[in-house]
Amino acid sequence: QVQLVESGGGLVQAGGSLRLACAASGRIFGIEVMRWFRQAPGKQRELVAALPSGGTSNYADSVKGRFTISRPDNKNTVYLQMNSLKPEDTAVYYCNADVYSTSYYHTDYWGQGTQVTVSS
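The text that follows walks through the structure, step by step, so that each part is easy to find.

Reading the values: the criteria
- Residues numbered from 1 in each chain as written.
- Predicted model: local features only at pLDDT ≥ 70, side-chain atom pairs only at ≥ 80, totals over all residues.
- Heavy atoms only, no water.
- Pairing = 2+ DSSP bridges.
- Helix = DSSP H or I, 4+ residues; strand = E, 2+ residues; numbered from the N terminus.
- Disulfide = S-S within 2.5 Å.
- Buried < 20%, exposed > 50% of the residue type's maximum accessible area, 1.4 Å probe, protein only.
- Phe/Tyr/Trp six-rings, centres within 6.5 Å; stacked < 30°, edge-to-face > 60°.
- Salt bridge = Lys/Arg side-chain N within 4 Å of Asp/Glu carboxyl O.
- Core = buried A, V, L, I, M, F, W, Y, C linked by side-chain atoms within 4.5 Å.

Bridge count for strand β4 (residues 30-39) against strand β5 (residues 46-52) is six bridges, and the pairing is antiparallel. Residue pairing in the sheet places phenylalanine 37 in a bridge with leucine 47 of β5. Counting the residues between successive antiparallel strands, the hairpin from β4 to β5 contains six residues, one of them, glycine 42, with a positive phi of roughly 75°. Taken together, β5 and the strand that follows it, strand β6 (residues 58-59), pair antiparallel across an intervening segment of five residues, in which glycine 54 is found at a positive phi of about 70°.

With that settled, consider the state of the cysteines. On inspection of all chains with the given rule, the structure shows one disulfide. Here cysteine 22 engages in a disulfide with cysteine 95; their sulfurs sit 2.1 Å apart. On the S-S bond that ties cysteine 22 to cysteine 95, the torsion sits near -80°, and the link is left-handed. Of the two residues, cysteine 22 is situated in strand β3 (residues 18-26) and cysteine 95 in strand β9 (residues 91-100); the sequence distance between them amounts to 73 residues. Each member of the pair, cysteine 22 as well as cysteine 95, carries the same accessibility label: buried.

Another point: the packing of aromatic side chains. Taken as a whole and judged by the stated rule, the model has one aromatic pair. Judged by centre distance (4.9 Å) and plane angle (55°), the rings of phenylalanine 37 and tryptophan 110 are tilted. One end of the pair, phenylalanine 37, is in strand β4; the other, tryptophan 110, is in strand β10 (residues 106-110), with 73 residues separating them in the sequence. Here phenylalanine 37 falls in the buried class, since its relative accessible area comes to 15%.

Glancing now at the pattern of salt bridges. The final tally for this structure, using the stated rule, is five salt bridges. Taking the shortest distance from any N to any O, the salt bridge between aspartate 89 and arginine 38 comes out at 2.9 Å. Taken as a pair, aspartate 89 in the loop between β8 (77-82) and β9 and arginine 38 in strand β4 lie far apart in primary sequence, 51 residues in all. In this pair, the class of aspartate 89 matches that of arginine 38, namely buried. The partner of arginine 66 in a salt bridge is aspartate 89, with the nearest N and O atoms 2.7 Å apart. With arginine 66 in the loop between β6 and β7 (67-70) and aspartate 89 in the loop between β8 and β9, the pair connects residues that are 23 residues apart, well separated along the chain. Taken as a pair, arginine 66 and aspartate 89 share a single burial class, namely buried. Shared partners join several salt bridges into a network, and the residues in it are Arg38, Glu46, Arg66 and Asp89.

Counting residues in hydrophobic clusters, the biggest one holds 30 residues, and the most contacted among them are Trp36, Leu80, Met82 and Tyr93. Of all the elements in the fold, those that place two or more residues in this core are β1 (2-7), β3, β4, β5, β7, β8, β9 and β11 (114-119).

Once that is clear, we can look at the pairing of β3. For a regular strand, side chains alternate in direction, first toward one face of the sheet and then toward the other. The pairing of β1 with β3 spans six bridges and is classified as antiparallel. Following the sheet pairing, valine 5 is matched in β3 by alanine 23. Pairing geometry for β3 and β8, over six bridges, is antiparallel. Pairing of alanine 21 across the sheet is with tyrosine 79, part of β8.

Listed below in structure tokens is the structure:
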């Protein structure tokens, strides 16, 4: 089993910054890709950023140039640096990872979510 634990959410004024972290632990042979999603009240969950192992990050158009996803040294922790935050960034942010528990078996895992609130 694998656990994803997010941290770093909170309340910030518009224009401010937050950094989210997601640490994966448990039976991990490798991680194919790590992602951040968000879900605002009354809206569908949407992909914010993704970082394939050894690959190039990609972002939702709404956050390009403001958010940066990183996974230093390809370890089992992914970060989301969020700058120039806007009220419309308010949502619960979820970490997601495609984890290999063996060389051939992989499963999608989700964190519990962390609230980000941006005040105007």
